[in-house]
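The residues making up each chain are set out below.
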Amino acid sequence: MKKFVYFIIALTFFACGESSEKDPIAFAAEQKRATMKATIDSLEKVMNGNQGLLDKALANKLVKSYQDYYNMNSSDTTSAEFLFKGANIATAVGKHHQAIKMLEAYYDNFQTAPKRPDALYLIGFIYENGLKDIPNAKKMYNRTIEVYPESFWAEQAKSALALIDLQGDDLIKFLEGQNKAPQ
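Nothing here was measured: the structure is a model prediction, and the numbers come from that model. (Residues numbered from 1 in each chain as written. Predicted model: local features only at pLDDT ≥ 70, side-chain atom pairs only at ≥ 80, totals over all residues. Heavy atoms only, no water.)

Trainee: Help me understand the pattern of salt bridges, please; the structure alone is not making it clear to me.
Mentor: Opposite charge on two side chains permits pairing when their charged atoms draw close. Evaluated as defined, the whole model comprises seven salt bridges. Note that Lys-85 is salt-bridged to Glu-81, the shortest N-O span being 3.2 Å. Taken together, the residues Lys-85 and Glu-81, both in helix H3 (residues 77-92) and four residues apart, mark about one turn of the helix. One salt-bridge network, held together by shared partners, links Glu-44, Glu-81 and Lys-85. (Salt bridge = Lys/Arg side-chain N within 4 Å of Asp/Glu carboxyl O. Helix = DSSP H or I, 4+ residues; strand = E, 2+ residues; numbered from the N terminus.)

Here you go:
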């Protein structure tokens, strides 16, 4: 009987030992996530306190922090928010390819995210205005119209497509015609 009791006690310690090994890992992951979030909160606070001045070094650090958070926590909704914010800041500092990748990750990995139409349109906008890649801009604008035909962003995409090939005098004539058109 003593052997049986010792066996149960040993089995209990062994089982507890295994679960306690998992808990520290989960705890460490949660601590890392909390630390990353605190860093982002701190950087955002400094960035928002700059009163309209864009500190590129700070902006780049914040974009990297957003991306790192997403890389470590790719399925949580905070990651979606960080990707979208990071893409906007990356665009502002001229990191257009990085912004597109972040918006694509947002669009592709967060199927129920509220700003999916925005992301699709913004990819086209960055191709057009940031990278001067008109074929890809047209492709993304058309995709926005196709996937979200009733959205605000579909209307914006239609307007962008109407203007995208106009240059110089043609653009001026178009805009003058818009100003004269009855509303």
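Trainee: I would appreciate a short explanation of the environment of Asn-50 in the present structure.
Mentor: Among the secondary structure elements, Asn-50 is positioned in the loop between helix H1 (2-48) and helix H2 (56-72). Judged by its relative accessible area of 24%, Asn-50 falls in the partly exposed class. Ignoring any residue separated from it by four or fewer positions in sequence, one finds Asn-50 in contact with Asp-55 and Leu-58. (Buried < 20%, exposed > 50% of the residue type's maximum accessible area, 1.4 Å probe, protein only. Contact = heavy atoms within 4.5 Å.)

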